[in-house]
Amino acid sequence: MEKEKNDLQNELLLKSQQLGKSCESIFLFLAKAAESRHARAATHMERIPMYMKVLVGELRKNGKYGDMITDKFAETVVWASQLHDIGKVGIPDSVITSRNRNRQEKMIYRQHTVIGGEIFKNAARDLKGHTPVQLTVCEEIARRHHERYDGMGYPDGLSGGEIPLSARLVALADSYDPTTDWDLFPDERSEDTHQKIIDGRGTLFDPVIVDAYIANRDAFEKVTGDTELMKNIVRA
């Protein structure tokens, strides 16, 4: 009886893993669809995982959060980071592309975090208790990547360690990246992204993650430069 029970559990686990794998292509499709309304979305999605590799590598090297950043976590959080804005599929084009969002439009736009989290939460529910770790991390990132370390972010106003490490990492990577919105809102582009991150240490961002960025600023700039070069080559 015990053997049969174990065999059944193993079979269910295998099926959930297979289903999780099949879901990956669907999630990527949705994320690309969500970003398709932005001219530079493709390179944005490419860069975020690259920045994440740099941050995770530094944190593992210096021992910070070492007990949390296992091989599995590192692999998962890098892959999942490209899906952070998947919830934008549920936001109207008029809001996404608005050059001057009013208060109501800003509130609607912020719902992309809630929508994104629900996409992965519902997918996990369908797996009936055998949720691949990828879905858990995807949900964390999608819902929490606009939370702030000081608790002034959205959608839930979490602070410090209440925010999952995966989302704290994406928060910095996403803020650093030459965001797709800058094509639509040039006046909102920071003249000094580096200084913005420095100034946000302990308020916008986890101080430990900011320090990891500072130690690897050149690597971040190289990622940006390389992907911009490739984009220009393709256009030519």
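Preceding block: the structure.
Note that the coordinates shown come from a computational prediction; the quantities given were computed from them, not determined experimentally.

Enquirer: Report on the overall build of the protein chain, specifying residues and quantitative values.
Expert: Scanning the protein chain from terminus to terminus reveals 10 helices and 0 strands. Traced from its N-terminal end to its C-terminal end, the protein chain shows the element sequence α-α-α-α-α-α-α-α-α-α. Buried residues in the protein chain amount to 46% of all 236 residues. Partitioning the contacts of the protein chain with sequence separation of at least 6, the portion at a separation of at least 24 is 71%. Of the roughly 12500 Å² of accessible surface on the protein chain, a fraction of 53% belongs to carbon and sulfur atoms.

Enquirer: So what's going on with the environment of Ile209? Which residues, and what values?
Expert: Relative to the helices and strands, Ile209 resides in helix α9 (residues 207-214). Taking the C-alpha atoms as reference points, Ile209 and Val56, 153 residues apart in sequence, are found 9.0 Å from one another. If we ignore the near neighbours within four places in the chain, the residues touching Ile209 are Leu55, Leu59, Leu165, Arg168, Leu169 and Leu172.

Enquirer: Please give an account of the environment of Leu169 that cites residues and values.
Expert: Mapped onto the elements of the fold, Leu169 is located in helix α7 (residues 165-176). Of the residues examined, Leu169 reaches a relative accessible area of 0% and is grouped as buried. For the pair Leu169 and Val210, spaced 41 residues apart in the sequence, the C-alpha separation amounts to 9.3 Å. Those residues in contact with Leu169 that lie beyond four places of it in its chain are Met52, Leu55, Val56, Leu59, Phe73, Val77 and Ile209.

Enquirer: Before we move on, can you summarise the packing of aromatic side chains with the specific residues and values?
Expert: Centre-to-centre distance and the angle between the planes together describe a pair of aromatic rings. What the rule picks out here adds up to 5 aromatic pairs. Each ring, one from Tyr51 and one from Tyr176, has its centre 5.2 Å from the other, and the planes form 80°; the classification is edge-to-face. Remark: Tyr176 occurs in helix α7 and Tyr51 occurs in helix α2 (residues 41-62); sequence separation between them is 125 residues. Using a relative accessible area of 0% as the deciding quantity, one classes Tyr51 as buried. Taken together, Tyr51, Tyr176, Tyr213 and Phe220 form an aromatic cluster joined through their ring pairs. Its guanidinium or amino end placed over the ring of Tyr109, Arg101 lies 3.9 Å from that ring's centre, counting from NZ or CZ.

Enquirer: Let's hear about the side chain of Arg143: which residues, and what values?
Expert: The residue Arg143 is located in helix α6 (residues 133-144) in this model. A polar side-chain atom of Arg143 sits 2.8 Å from a polar atom in the side chain of Asp156. Contact partners of Arg143, with chain neighbours within four places excluded, come to Thr113, Val114, Gly117, Tyr154, Pro155 and Asp156.

Enquirer: Tell me what's going on with the nonpolar core, and back it up with residues and numbers.
Expert: Residues Met52, Leu55, Val77, Leu169, Leu172 and Phe220 are the most contacted members of the largest nonpolar core, which totals 38 residues. Elements represented by at least two residues in this core include exactly α2, α3 (71-80), α5 (103-126), α6, α7, α9 and α10 (217-235). At 7 residues, the largest contribution of residues to this core is made by α2. Those residues within four positions of Leu55 in sequence are excluded, and the remaining contacts are Leu169, Leu172, Ile209, Ala212, Tyr213 and Phe220. Counting 5 residues, the second largest nonpolar core, distinct from the first, contains Val95, Ile96, Tyr109 and Tyr154.

Enquirer: Provide a residue-level description of α5, including the pertinent values.
Expert: The terminal C-alpha atoms of α5 lie 35 Å apart, and with 24 residues this matches the ideal 34 Å at 1.5 Å per residue to within 8%. At Thr113, α5 shows its maximal kink, close to 25°. All buried positions along α5 are accounted for by Glu105, Tyr109, His112, Thr113, Val114, Gly116, Gly117, Phe120, Ala123 and Ala124. The distance from a side-chain oxygen at the start of α5 to the backbone nitrogen of Gln104 is 3.1 Å, and the residue carrying that oxygen is Asn102.

Enquirer: Provide a residue-level description of the packing of α6 against α7, including the pertinent values.
Expert: Between α6 and α7, whose axes approach to 8 Å, the crossing angle comes to 50°. As the angle between them shows, α6 and α7 are arranged oblique. Both α6 and α7 take part in a crossing whose hand is right-handed. For the pair α6 and α7, contact is made by Val137, Glu140, Ile141 and Arg144 and by Ser166, Ala167 and Val170, respectively. By residue class, the composition of the contact of α6 with α7 is 4 nonpolar, 1 polar and 2 charged.

Enquirer: Help me get a handle on the pattern of salt bridges, residues and values and all.
Expert: Taken as a whole, this structure holds 10 salt bridges when the rule is applied. As a salt-bridge pair, Arg60 and Asp71 come within 2.5 Å of each other at their nearest N and O atoms. In this pair, Arg60 sits in helix α2 while Asp71 sits in helix α3, placing the two residues 11 residues apart along the sequence. Overall, Arg60 belongs to the partly exposed group, its relative accessible area being 39%. Each of Arg143, Arg144 and Asp156 takes part in a single network of salt bridges with overlapping partners.

Rules behind the numbers
- Residues numbered from 1 in each chain as written.
- Predicted model: local features only at pLDDT ≥ 70, side-chain atom pairs only at ≥ 80, totals over all residues.
- Heavy atoms only, no water.
- Helix = DSSP H or I, 4+ residues; strand = E, 2+ residues; numbered from the N terminus.
- Buried < 20%, exposed > 50% of the residue type's maximum accessible area, 1.4 Å probe, protein only.
- Contact = heavy atoms within 4.5 Å.
- Areas by Shrake-Rupley, 256 points an atom, 1.4 Å probe, with all protein chains shown as cover.
- Phe/Tyr/Trp six-rings, centres within 6.5 Å; stacked < 30°, edge-to-face > 60°.
- Lys NZ or Arg CZ within 6 Å of the ring centre and 35° of its normal.
- Polar contact = N/O pair within 3.5 Å; in protein donor to acceptor, adjacent residues only side chain to side chain.
- Core = buried A, V, L, I, M, F, W, Y, C linked by side-chain atoms within 4.5 Å.
- Expected span 1.5 Å × (residues − 1).
- Bend = angle between axes of the 7 residues up to and from the residue.
- Axes fitted to C-alpha atoms, helices over the stretch in contact; angles between N-to-C directions.
- Parallel < 35°, antiparallel > 145°, perpendicular 65-115°, else oblique.
- Left-handed = near helix turned anticlockwise from the far one by under 90°.
- Nonpolar A, V, L, I, M, F, W, Y, C, P; charged D, E, K, R; others polar.
- Salt bridge = Lys/Arg side-chain N within 4 Å of Asp/Glu carboxyl O.

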